[in-house]
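Structural overview for review
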Amino acid sequence: MSGPARGGGSGDDLAGSAVAAAVAEAHRREWGFVLAATARVAGDLDLAEECVQDAYAKALTAWAESGVPRRPAAWLTTVARNRALDALRRDVALRRRLPLLLAEPPEPEPDIPDERLRLIFTCCHPALALEAQVALTLRLVCGLTTAEVARAFLVSEATMAARITRAKKKIAAAGIPYRVPDSEDLPARIDAVLTVVDLVFTTGHTAPAGTDLVRTDLVERARDLARMLSFLLPNDAGVAGLLAFVLLTDARRAARVDVDGRLVLLADQDRSLWDREAIQEGRRLVREALRRRPPTRHALMAAIAAVHAEVPSWEATDWAEIIGLYDVLLRHWPSPVAALNRAAALGFAYGPESGLRALDALALEPCLAGYAYLAAARADALRRLGRTEEARAAYQEALLFTDNDVERDFLAAELAELPEPPGRQ
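1. Focus: the overall build of the protein chain
In terms of regular secondary structure, the protein chain is built from 19 helices and two strands. Expressed as a percentage of contacts within the protein chain between residues at least 6 apart in sequence, the contacts between residues at least 24 apart total 65%. In the structure as shown, the protein chain presents an accessible area of about 20,600 Å², 54% of it carried by carbon and sulfur atoms.

2. A few points about the nonpolar core
Ranked by size, the top nonpolar core spans 119 residues in total, and within it Trp-63, Leu-119 and Leu-138 carry the most contacts. Sort the elements by how many residues they give to this core and helix H1 (residues 2-42) lands first, with 12 residues. Residue contacts for Trp-63: discarding those within four places in its chain leaves Val-19, Ala-22, Val-23, Ala-26, Val-68, Pro-69, Pro-72, Trp-75 and Leu-76. Judged by nonpolar contacts, the second largest core, of 15 residues, contains Ala-376, Ala-394, Leu-399 and Leu-418.

3. Considerations on the environment of Pro-334
Topologically, Pro-334 is positioned in the loop between helix H14 (319-332) and helix H15 (336-350). According to the relative accessible area criterion, Pro-334 is exposed, its value standing at 65%. A C-alpha to C-alpha distance of 10.0 Å links Pro-334 and Arg-297, two positions 37 residues apart in sequence.

4. Regarding H14
In this model H14 runs 20 Å from its N-terminal to its C-terminal C-alpha over 14 residues, within 8% of the 20 Å that 1.5 Å per residue would give. All of the buried residues along H14 are Trp-319, Ile-322, Ile-323, Leu-325, Tyr-326 and Leu-329. Seen end-on, H14 carries its buried residues on one side only, within an arc spanning 160 degrees. In this structure, the buried side of H14 is in contact with helix H13 (297-310) and H15.

5. What about the packing of helix H17 (residues 372-384) against helix H18 (residues 388-400)?
Axes are the key here: two packed helices are described by the angle between their axes and the distance separating the axes. At their nearest, the axes of H17 and H18 sit 8 Å apart, and the two run at 160 degrees to each other. Relative to H18, the element H17 is oriented roughly antiparallel. Note on packing geometry: the crossing formed by H17 with H18 is left-handed. Between H17 and H18, the residues in contact are Ala-372, Ala-375, Ala-376, Arg-378, Ala-379, Asp-380, Leu-382 and Arg-383 and Glu-390, Ala-391, Ala-394, Tyr-395, Glu-397 and Ala-398, respectively. Grouping the amino acids of the contact of H17 with H18 by side-chain chemistry returns nine nonpolar, no polar and five charged.

6. A closer look at the pattern of salt bridges
Summed over all chains, the structure comprises 23 salt bridges. Across the pair Arg-283 and Glu-310 runs a salt bridge, and its minimum N-O distance is 3.3 Å. Of this pair, Arg-283 sits in helix H12 (residues 276-290) while Glu-310 sits in helix H13, and the two are 27 residues apart along the sequence. On the basis of relative accessibility, which here comes to 33%, the residue Arg-283 falls in the partly exposed class. In the salt-bridge network here, residues are joined through shared partners; they are Asp-46, Glu-49, Arg-139 and Lys-168.

7. Comments concerning the state of the cysteines
By the definition in use, this model includes zero disulfides. There is no disulfide at Cys-123, and the cysteine sulfur nearest it, in Cys-124, is 6.2 Å away. A residue is classified by how much of its surface remains accessible, and Cys-123, at 1% relative accessible area, is buried.

8. Digging into the confidence of the model for the protein chain
Here the protein chain shows a mean pLDDT of 86. Residues at 70 or above account for 88%. Throughout residues 100-113 the model reports pLDDT below 50, and contacts reaching past four residues in sequence, or to other chains, amount to 26 contacts.

9. Points about helix H2 (residues 45-66)
Over its 22 residues, H2 runs 30 Å from end to end, which matches the ideal 32 Å to within 8%, given 1.5 Å per residue. For H2, the complete set of buried residues consists of Leu-45, Leu-47, Ala-48, Glu-49, Cys-51, Val-52, Ala-55, Tyr-56, Ala-59, Ala-62 and Trp-63. The N-capping residue of H2, defined by a side-chain oxygen 3.1 Å from the backbone nitrogen of Asp-46, is Asp-44. A positive phi of about 95 degrees marks Gly-67, the residue just after H2.

10. Considering a negative patch on the surface
Residues Asp-212, Asp-403, Asp-405 and Asp-409 make up a contiguous surface patch of negative charge. With respect to the helices and strands, Asp-409 occurs in helix H19 (residues 405-417).

11. Observations regarding the side chain of Asp-198
By the element assignment, Asp-198 lies in helix H9 (residues 186-205). Buried and unpaired, Asp-198 has no salt bridge, with Arg-297 as the nearest side chain of opposite charge at 4.0 Å. Of the polar contacts made by the side chain of Asp-198, one reaches the side chain of His-298; its length is 3.0 Å. Ignoring any residue separated from it by four or fewer positions in sequence, one finds Asp-198 in contact with Leu-242, Phe-245, Arg-297, His-298 and Met-301.

Reading the values: rules and limits
- Residues numbered from 1 in each chain as written.
- Predicted model: local features only at pLDDT ≥ 70, side-chain atom pairs only at ≥ 80, totals over all residues.
- Heavy atoms only, no water.
- Helix = DSSP H or I, 4+ residues; strand = E, 2+ residues; numbered from the N terminus.
- Contact = heavy atoms within 4.5 Å.
- Areas by Shrake-Rupley, 256 points an atom, 1.4 Å probe, with all protein chains shown as cover.
- Core = buried A, V, L, I, M, F, W, Y, C linked by side-chain atoms within 4.5 Å.
- Buried < 20%, exposed > 50% of the residue type's maximum accessible area, 1.4 Å probe, protein only.
- Expected span 1.5 Å × (residues − 1).
- Arc of directions from axis to C-beta.
- Axes fitted to C-alpha atoms, helices over the stretch in contact; angles between N-to-C directions.
- Parallel < 35°, antiparallel > 145°, perpendicular 65-115°, else oblique.
- Left-handed = near helix turned anticlockwise from the far one by under 90°.
- Nonpolar A, V, L, I, M, F, W, Y, C, P; charged D, E, K, R; others polar.
- Salt bridge = Lys/Arg side-chain N within 4 Å of Asp/Glu carboxyl O.
- Disulfide = S-S within 2.5 Å.
- pLDDT = per-residue confidence, 0-100.
- Polar contact = N/O pair within 3.5 Å; in protein donor to acceptor, adjacent residues only side chain to side chain.
- Patch = residues over 30% accessible without salt bridge, like charges linked within 9 Å, V, L, I, M, F, W, Y side chains within 5 Å.
- Lys, Arg positive; Asp, Glu negative; His and termini not counted.
- Charge placed at Lys NZ, Arg CZ, Asp CG, Glu CD.

Set out below in structure tokens:
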């Protein structure tokens, strides 16, 4: 008796684990899909979230009994939408308080991809502060918990919960419509969306703080968003450029730290660890994006990443081409960070003296005050020039502004390797 009972329990545990894994995968892949469709019916983002969360909770028990459905997103959407309709029927007064999410009458079977696009543009409406746009995108489109979004912003969960609530209230109070912008407004609005996805990716690519160099969850969310936008807007050069940039930059992830978790500079990375499939796709997207004129900001950023990805070694890098691409980027989209990257490229192309002159010219740029990478780039140039004491001061300055443990350890190691002046030996 005890043997079969234990065996049955083990089988139940395995089945439960499989269902839990299926629900988790559906949450990662389909959250934005389901929420967008439900929001159109619910007419209220809070109600929509509540209904979708209930649908995922119900899936844990229902799928254990009947099996994982062939189309999990459709199952979850049906359950969440029905839950929303039930709530609306129970509270007719709620319908009178709906924001402009219902400015257009709900359709019986909405085009789900279009619904996701509606949700993205609602989260990234210019009436909201950029920080709120990013937070809402992570919470509503990507499905991150409030605690996870708070960690991305380095604030408390309570602070982030209040921030997200304020953003939702502003959507309602300002009458922000739940729709894709008109064609004449789309170019300006899509750039806001791309900026948000770029910020999500950048925050994950090198975490602002913590023990890990990469926030894999944010990187993967940004990649998923970029792919979703590419599916929804297949002819948009900016979207193609963004996806190319994400793929080509993230392709180096496995080589960015060694087996002990220490930072490895691009010059020293084992390129056999780079994701060649992602690089191939990224290069194809770059070519596609650059065929359209004028080139978009992200297409140029992706082209720079492609130059690094195409060569077999650091020594073979075509720095002249990289500098030329930065020149085009700065001409159309001036940015202090892009100027800093160009200055670093000058140092690799023409020697550390040229790079240092360009870096020093950026010293009074307000946006770079307290920016660790400027101090770190100066430290490297000064070290290569043999100006040890100045390099020491620059490394110490970079350490003051660095909160990521992996980067701090790297800078501290570089500082420790500088030779001591004769009086201190």
